[in-house]
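Topology and contacts: notes
This is what each chain is made of:
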Amino acid sequence: MAGFVIYVVTVCTFIIPYNCHDMKADGDPPEKIPRIEIYAVKGRRADLPCNITPEHSDDVISLVLWYNNKSPSPLYSLDSRRGNFKQARHWRSDQLASRANFRIQSEPAYLQLDHVTSEDESVFTCRVDFEKARTRYQEIGLNLIVPPRKPIIKDHTGQVQQSLIGPYNEGDPLRLECEVTGGNPRPNVTWWRESVLLDDTFEVTADFIVRNMLRIPSLQRHDLMAAFTCEASNNGFTLPSSTSVTVNMNFRPLDVTLQGDKHSLSAGTFTQIECYSVGSRPPAVISWCKGSVPMKSAKSVVSVNGNATTSILSFKPTIEDNGLYLSCTAENPLIQGSKVESGWTLNIHYPPKLSLRLGSKLRHSHIQEGNDVYFECSVKANPMVKDITWKFEGREVQINTTAGIIISNQTLVLQHVKRTGKGRYTCSAANSEGRGASNTVFLRVQHTPACKPGQKTIYATAVNEPVFVTCEVESDPEDVVFKWRFNNSHDTRDISSLSSHKTMSTVRYVPKSKYEYGSLSCYSTNSVGNQDVPCVYSIIAAGPPEPIQNCFLTNQTQNGIAVDCTEGYDGSFTQELFVEVYDITTGSVVTNFSTTSPSFFMRGLPAGSNFELKLYAVSHQGKSEPLLLEGKTLQTPETQSRREKRKPEGKVPEYTSHPDKEIISTEDLSKEIYEEKCPDVIPADSKYLEIPVCKIVNQGEGQSQKESFSAAGSSYEDSDSNFELHQMQPIEDENHQVPWKDQILLDEGISSDHHRGKYIDLQTGYRKDVAEALLTVQERNYKQTDV
């Protein structure tokens, strides 16, 4: 408790140096009364000092009286006139009551006044009477201390600020005003940052408000969450009254960088590029631009402390992106002008893109034979190409100055172009990304008409038989005017009975006598000029057709042989192919038939036999020389198994006018055909005609041999009803099987009554009787594999 009293005395009271006043005692001259000023906090204790120590040691105190300027009567007295000073009597007025106590043991003694009120604020006088010395007077001015009110902080707009203020942007000025009202004596108002004094200048307004303005020109990053405190203090005994605010701030991004492949990107390949930004508060917003076009396909990740932002851009570069500037921009949208940008120019690699066109000065529709032509190949590539390849109709074009072909850089020159230069041109080039080809440019070369190669040039007809001769030319433009002329050793004349359409003209010619055979010349003209050499067609007297050509065996099975031929010249007359089949061993005729197809398949032949085939071409003008073929059917599986180790026979000799073609023998057929259970079955898409084979039997024999028979296509029966043949039709069903056209033939077979009669012996040119032939069909369920 004693310590508390000392603290109160020390903290709550302070003394102002003496002020002297005139005072006159009764009978004494006026004296200067010493005076001190003390301050006390309202509601606390005040200690009023009074010096009661005698000047001489033999003197004692007899009476001490306390007055104030508010009452002429004493407020407190200490009377020792009737006894020992230590036993002196204390007296208090009702005004002080129990609040006052005179402490005489202290040096100096003091009047302790508890719970000071505003009524106590006055000038107190201490009167000390001694037994010997003169009376001593002392004045103590008691001043009441009133603490100031809590400071109020306002921003530059006059808004009261508390606790967290802002946010302020980095670089913004800070202006805070602190106002303090009340307080006695007048308080001092100061600004502090932590323990550092920032500003102690203040002013007092007319209405007794003490104001201090804090000004910071530019807030920096270190000012984030800084606490600024305004203090108001008017004494040294109480803690200052204070108010603090904490500054919240926004920061601009410090830096932004791109992380990724800066060298090159491949067009059409997805790539990822990262953009990294630091220093922004709150985290930066990152945006991407390719050229002037914003890109949206990016994702951002913010670090845990919020100081860094990473944006990942995924995109597929295109050719058009090459050379564009890819930029990454970090921005704090709360701070104007806070954008920070980084980027680089895109280097996009891509295969060459080529564009081909005729030279800019050429008129494509007016290029004629003999003109100079050049092509320009525009190349767009990264990396650039070294060489350009030129192609004409798919074939590479090489430099040939002799032929007028010149290649220079990206240009192809054709000097004195010919009609053979007409066609499709392309250019191509390659780089590390791949190869590219240009568009196709069709070069049209206008030229005079010329005979189209491969035409029929020999026409055979009989006297008074009309023949239609067709002349076809190659011409550009195709609007052609034709003229025909007949010529032989006896006559030359123009032919007027013709019809024409574009590049084709047909004339009808009828020889009236043997002197009107000769040649027909076809002349044509277009807008470019006249045909240099006419097309010549020979008109000859009709005769027998040429022999069948290019015959070879294409398939040999256990009971069938396939033959493939081409027709010889027919003299413009319809011709048939007559076939005679002989058994080489016996020399007997196995079968004979005729067909209009040069390719056919014979079924129903005996297995394991050798045959000779004679083939004739016949028209109403006569017959051709025979063509001989040899073939054989395969052994049955049982027989063949016994002959597995036998050496293969030689190839069947070829009977053809084209010795470069090879006859396919049985040994050359594939193993699959040999091992098939039914090797005589021909696929549905076969071009061969299936022919029934008739065995010749004597009329006197009591039994006739029967062979299996099948046919496809249309049927035909000659006038003598000797045989029936079936011509292949190019018709397929949805299962790619050749349909049977005559279902009755399949279901009912061919009776022997329909196949009796005469046979034309083409080798001798007259008819002879032949033995009856019996053709029947055994019952059989036909399946798709049979067709």
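Provided above is the structure to which this section pertains.
Residues numbered from 1 in each chain as written. Predicted model: local features only at pLDDT ≥ 70, side-chain atom pairs only at ≥ 80, totals over all residues. Heavy atoms only, no water.

One key point about sheets: their strands pair by backbone hydrogen bonds, in either a parallel or an antiparallel sense. Taken together, five strands build an open sheet; the order of strands is β23-β31-β32-β36-β35 and the sheet is mixed. The strands lining the two open edges of the sheet, one partner per strand, are β23 (265-266) and β35 (405-408). Where strand β32 (residues 373-382) lies against strand β36 (residues 411-414), four bridges are found, and the strand directions are antiparallel. In the sheet register, Glu376 faces β36, and the bridge partner there is Thr411. (Pairing = 2+ DSSP bridges. Helix = DSSP H or I, 4+ residues; strand = E, 2+ residues; numbered from the N terminus.)

In total, this model carries 20 salt bridges according to the counting rule given. For Arg211, the salt bridge is made with Glu179, and the minimal N-O distance between the two is 3.0 Å. Here Arg211 is found in strand β19 (residues 210-216), whereas its partner Glu179 is found in strand β15 (residues 174-180), with 32 residues between them in sequence. Arg493 is paired through a salt bridge with Asp491; the nearest N and O atoms lie 2.6 Å apart. (Salt bridge = Lys/Arg side-chain N within 4 Å of Asp/Glu carboxyl O.)

In spatial order, the strands read β13-β15-β19-β18; together these four strands make up an open sheet with antiparallel pairing. Two strands in the sheet have a free side with no partner beyond their single neighbour: β13 (152-154) and β18 (203-204). Two elements, β15 and β19, share seven bridges in a ladder whose sense is antiparallel. Note on β19: the bridge partner recorded for Leu176 is Leu214.

Looking at where Leu520 falls in the secondary structure, it is placed in strand β47 (residues 518-525). Classification of Leu520 as buried rests on a relative accessible area of 0%. As for Leu520 and Arg485, which are separated by 35 residues in sequence, their C-alpha atoms are 5.6 Å apart. Residue contacts for Leu520: discarding those within four places in its chain leaves Val469, Trp484, Arg485, Phe486, Ile495, Val507, Tyr509, Cys535, Val536, Tyr537 and Ile539. (Buried < 20%, exposed > 50% of the residue type's maximum accessible area, 1.4 Å probe, protein only. Contact = heavy atoms within 4.5 Å.)

Summarising burial for strand β37 (residues 423-431): seven of the nine residues are buried, a large majority. Note: β37 against strand β39 (residues 441-443), three bridges, orientation antiparallel. Bridging from a neighbouring strand, Gly423 pairs with Leu443 of β39. Where β37 folds back on strand β38 (residues 434-437), the antiparallel hairpin that results is connected by two residues.

Before going further, it helps to examine the state of the cysteines. Applying the stated criterion to the full structure yields seven disulfides. In this model Cys377 forms its disulfide with Cys427; the gap between the sulfur atoms is 2.1 Å. Between Cys377 and Cys427, the S-S dihedral sits near 80 degrees, and the bridge is therefore right-handed. With a gap of 50 residues between them, Cys377 in strand β32 and Cys427 in strand β37 connect regions that are remote in the sequence. Judged by its relative accessible area of 2%, Cys377 is buried. Each disulfide pairs two cysteine sulfurs, and for Cys471 the partner residue is Cys522, the sulfurs being separated by 2.2 Å. (Disulfide = S-S within 2.5 Å.)

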